[in-house]
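Geometric and topological summary
Letter by letter, the chains look like this.
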Amino acid sequence: DMEALSNEEIASFNQLKKSTLQAFSPAKNTNAMEDFCSLLEEFKPDLIALSILEDTFPIALDFAEEAHRREITVIAGGIHPTFSPEVVIKEKCVDIVCVGEGENALLSLCKAMIANESYENIPNLWIKCLDDKIIKNQIGPLVNVNELPYPDYHIFSPDRFYRPMQGKILRILPIEMHRGCPYQCTFCEDPSLNVLYKTIGENYHRAKTARRLIDEIKYFIDEFEANYIYFNAETFFAMPQKYFFELADLYPKEIGLPFWLQTRPETITEERVRLLKQMNVSNINIGLEHGNEEFRARVLKRKMANKRIIDSLKLLQNADIPVTVNNIMGYPDETRELIFDTIELNREISTATINAYLYNPYKGTELYDL
Ligand code: SF4
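Report on the accompanying structure. (Residues numbered from 1 in each chain as written. Predicted model: local features only at pLDDT ≥ 70, side-chain atom pairs only at ≥ 80, totals over all residues. Heavy atoms only, no water.)

**A short note on the pattern of salt bridges**
Under the definition given, this model contains 21 salt bridges. Here Arg211 ties to Glu254 by a salt bridge, and the two come within 2.9 Å at their closest N and O atoms. One end of the pair, Arg211, is in helix α8 (residues 210-224); the other, Glu254, is in helix α9 (residues 241-254), with 43 residues separating them in the sequence. Taking the relative accessible area as the measure of exposure, Glu254 reaches 29% and is therefore partly exposed. Its salt-bridge partner being Glu344, residue Arg347 comes within 2.8 Å of it at the nearest N-O pair. In this pair, Arg347 and Glu344 both sit in helix α13 (residues 336-348), three residues apart, roughly one turn of the helix. The structure contains a network of salt bridges with shared partners spanning Glu101, Glu103, Glu176, Arg179 and Arg206. (Salt bridge = Lys/Arg side-chain N within 4 Å of Asp/Glu carboxyl O. Helix = DSSP H or I, 4+ residues; strand = E, 2+ residues; numbered from the N terminus. Buried < 20%, exposed > 50% of the residue type's maximum accessible area, 1.4 Å probe, protein only.)

Structure (structure tokens):
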């Protein structure tokens, strides 16, 4: 249990990690499977942990099959295994599925494997036995995001941090700001995580305090020479208002680096824009998702007026903050006319970038079950 660990235990785990943990994420210009096989030969892992989205499941299976062929235990976690554990565990090459949050489960699993002990009863894990019987453990308590050790990005190759942003290549470090989201959008898996954790009386949406965020960013600057901060939060302003005011006060004094965030249009206010400017905001991503008010409220459960969206974007435009908007098209029962409502709303606003995505029915979303 990560929360039950003392600082010394965390330090010793981090030390242990340096020689026992290796990240693999495919590089752009080489053959991913060849790279993966070389890493397996060089590192000789006992466990392969795959983080899987529904879209990446077929690719993940290719890697899992290679690991399975070499008799390496494979654990699959992430949003797809969480909402489709029975589909994922059915695959011959998957030994264990992690349902829900993985920190505590993965740590307990590694400790049990190192000590050669049974891991049959670890919360969150579905385990395939030798006779193909599946042990399905209940989900365990959530971690306290303010007490987690800082992420150790040393396990990734340093070139992973270089990303393009507004015409420059920057050393961008992502910082997890909240986990989860309190909103109810029907095309998104986040609301189902809230439902899943309500079954054990836990609130999935948790935010880091301003002090914790500032200290973590300082660590990213010292350790990884970050020169741009990517606030990883489903909706930046879903944090308690008090946390934002504290962050707006501390960030310019102690950090000052340009940063990116995403939020919902109706969370933008004049005061927030003023404070974001003082903090040195560089780019904001806004989810429009649909241009027809009635459809957006009824089908997507995003209740806000188009006027509010337009006014929010004007506030950002007047403050000279570059904005990217996200749209989705191709929802169930969406007509050509409805798609044109989205196009027309985009015509009414002025943004640096417009993204348009095709709707995908992901398991675990309310719209999937239509
Ligand atoms: S606001 Fe974003 S993250 Fe939250 S439920 Fe809606 S789409 Fe999902």
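**Overview of the nonpolar core**
Ranked by internal contacts, the top residues of the largest apolar core, which has 50 residues, are Phe231, Phe236, Leu247, Tyr251 and Leu276. The contacts of Phe231, once residues within four sequence positions are left out, are Ile175, Met177, Ile217, Phe236, Leu247, Tyr251, Phe259, Trp260 and Leu261. Grouped together as the second largest cluster of nonpolar side chains are 28 residues, Ala64, Ala67, Val97 and Leu193 included. (Core = buried A, V, L, I, M, F, W, Y, C linked by side-chain atoms within 4.5 Å. Contact = heavy atoms within 4.5 Å.)

**Some words on the sheet that holds strand β11 (residues 259-263)**
Read from one edge to the other, the open sheet built from seven strands follows the order β6-β7-β10-β11-β12-β13-β14, with strand pairing classed as mixed. The open sheet is flanked by β6 (162-165) and β14 (353-358), the only strands paired with a single partner. Going from strand to strand, the sheet's axes swing by 30° on average, the running direction of each strand aside. With five bridges connecting them, strand β7 (residues 168-176) and strand β10 (residues 228-232) associate as parallel partners. Each residue of the ladder has a partner; that of Ile175, found in β10, is Phe231. Of the strands in this sheet, β7 and β10 are in contact with α8, which crosses β7 at around 140°. Across the face of the sheet, helix α12 (residues 306-318) comes into contact with β12 (281-289) and β13 (323-329) while running at roughly 170° to β12. (Pairing = 2+ DSSP bridges. Axes fitted to C-alpha atoms, helices over the stretch in contact; angles between N-to-C directions.)

**Here's the deal with the site of the ligand**
Near the ligand you find Cys181, Tyr183, Cys185, Phe187, Cys188, Asp190, Pro191, Glu234, Thr235, Arg264 and Arg302, and these make up its full shell. For the shell around the ligand, the per-class residue count stands at six nonpolar, one polar and four charged. (Near = heavy atom within 4 Å. Nonpolar A, V, L, I, M, F, W, Y, C, P; charged D, E, K, R; others polar.)

**Thoughts on the sheet that holds strand β2 (residues 73-77)**
Ordered by their spatial adjacency, five strands build an open sheet running β1-β2-β3-β4-β5, and the pairing between neighbours is mixed. Of all strands in the sheet, those bounded by a partner on one side alone are β1 (47-51) and β5 (134-136). Looking at each pair of strands side by side, their axes are set apart by 15° on average, direction ignored. Sheet topology places β2 next to strand β3 (residues 96-98); two bridges connect them, and they run parallel. Looking at the pairing, Ile75 lines up with Ile96 of β3.

Any functional reading would require information that these geometric values do not contain.
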